[in-house]
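# Understanding the architecture of this molecule
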Amino acid sequence: MALYNDKVMDHFFNPHNVGEIPDADGAGTYGSPVCGDMMLITLKIDENEKITDAKFKTYGCGTAVASSSMATDMIIGKSVEEALTITNQQIIDELGGLPAIKIHCSVLAEHAIKSAIYDYAQKTGKTYKALEGFDPDREEDDHSCQVDLTEES
Ligand code: FES
């Protein structure tokens, strides 16, 4: 069986929402403590707290590209509150599944989105229950699997 399904491969080869919004209302970066890869998410948010645009740049693997492509698709058109409820597991489900060793790549997307919304909240003075205690600089362990990358090479 192939390691990646067709949907993951499509989002990798034809990623959506690549780039950086120059006058973003929120921007967040996150580096994976598992592999060191980085992701930047920028957001455009209107006066009704609706996400009207989202873009990503990543110095990461193909799964990080596919995860952020899917994750940005998922949050465009949603309210900030709704976007904050999106988990890496939902991103994986929308992609039709990921190999266990690549689950941390989806955590990168989830955390970068939260960091971008945190930046928006800081700039606008808004508070969100889902961000209580959130520290954009805290390294999140991969909360879905334990990966030993020494086995990968
Ligand atoms: Fe680092 Fe996928 S994000 S291996």
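For clarity, every value in this text was computed on a predicted model and none was experimentally measured.

The rules behind these values
- Residues numbered from 1 in each chain as written.
- Predicted model: local features only at pLDDT ≥ 70, side-chain atom pairs only at ≥ 80, totals over all residues.
- Heavy atoms only, no water.
- Helix = DSSP H or I, 4+ residues; strand = E, 2+ residues; numbered from the N terminus.
- Rg over C-alpha atoms; globule rule 2.2 N^0.38 Å.
- Buried < 20%, exposed > 50% of the residue type's maximum accessible area, 1.4 Å probe, protein only.
- Contact = heavy atoms within 4.5 Å.
- Areas by Shrake-Rupley, 256 points an atom, 1.4 Å probe, with all protein chains shown as cover.
- Lys, Arg positive; Asp, Glu negative; His and termini not counted.
- Charge placed at Lys NZ, Arg CZ, Asp CG, Glu CD.
- Phe/Tyr/Trp six-rings, centres within 6.5 Å; stacked < 30°, edge-to-face > 60°.
- Expected span 1.5 Å × (residues − 1).
- Polar contact = N/O pair within 3.5 Å; in protein donor to acceptor, adjacent residues only side chain to side chain.

## Section: the overall build of the chain
Counting its secondary structure elements, the chain contains five helices and three strands. When the helices and strands of the chain are listed from N to C terminus, the series reads α-β-β-β-α-α-α-α. A compact globule built from 153 residues would reach a C-alpha radius of gyration of about 15 Å, and the chain, at 15 Å, matches this within 12%. Referenced to the eigenvectors of the C-alpha coordinate spread, the extents of the chain come out at roughly 45 × 30 × 25 Å. Across the 153 residues that make up the chain, the buried fraction comes to 46%. Long-range pairs, those at least 24 residues apart, make up 62% of the contacts in the chain with a sequence separation of at least 6. Here the chain has roughly 7700 Å² of accessible surface; of this, 49% comes from carbon and sulfur atoms. If you average the places of the 12 positive and of the 27 negative side-chain charges in the chain, the two averages end up 6 Å apart.

## Side note on the packing of aromatic side chains
Taken as a whole and judged by the stated rule, the model has two aromatic pairs. Consider the rings of Phe 12 and Phe 13, whose centres lie 4.9 Å apart with planes at 40 degrees: the pair is tilted. A residue is classified by how much of its surface remains accessible, and Phe 12, at 34% relative accessible area, is partly exposed. With a relative accessible area of 57%, Phe 13 lands in the exposed category.

## Quick look at helix α2 (residues 62-75)
Helix length check: α2 (14 residues) gives 20 Å between terminal C-alpha atoms against 20 Å at 1.5 Å per residue, within 8%. Of all 14 residues making up α2, twelve are buried, and the element is well covered by its neighbours. Restricting attention to buried positions, one finds in α2 the residues Thr 63, Ala 64, Val 65, Ala 66, Ser 67, Ser 68, Ser 69, Met 70, Ala 71, Thr 72, Met 74 and Ile 75. Downstream of α2 by a residue or two, Gly 77 has a phi angle that is positive, lying close to 95 degrees.

## Some points on the environment of Thr 58
Locating Thr 58 in the fold gives a position in strand β3 (residues 51-59). Sequence separation of Thr 58 and Pro 15 is 43 residues, and the distance between their C-alpha atoms is 11 Å. Ignoring sequence-local partners within four residues, the contact set of Thr 58 consists of Met 38, Met 39, Ala 64, Val 65 and Leu 108. Of the polar contacts made by the side chain of Thr 58, one reaches the backbone oxygen of Met 38; its length is 2.8 Å. A distance of 3.4 Å separates a polar side-chain atom of Thr 58 from the backbone nitrogen of Gly 60.

## Topic: the environment of Glu 139
Of note, Glu 139 is situated in the segment after α5 (103-124). For Glu 139, a relative accessible area of 58% puts it in the exposed group. Here the alpha-carbon distance between Glu 139 and His 111, two residues 28 residues apart in the chain, equals 9.5 Å. Discounting chain neighbours no more than four positions away, the residues touching Glu 139 are Tyr 30 and Pro 33.

## Thoughts on unusual backbone geometry
Here Asn 17, not a glycine, exhibits a phi torsion of approximately 65 degrees, which is positive. Its identity is not glycine, yet Glu 49 carries a phi of approximately 60 degrees, on the positive side. Mapped onto the elements, Glu 49 comes out in the loop between β2 (38-45) and β3. What makes Glu 49 partly exposed here is its relative accessible area of 23%.

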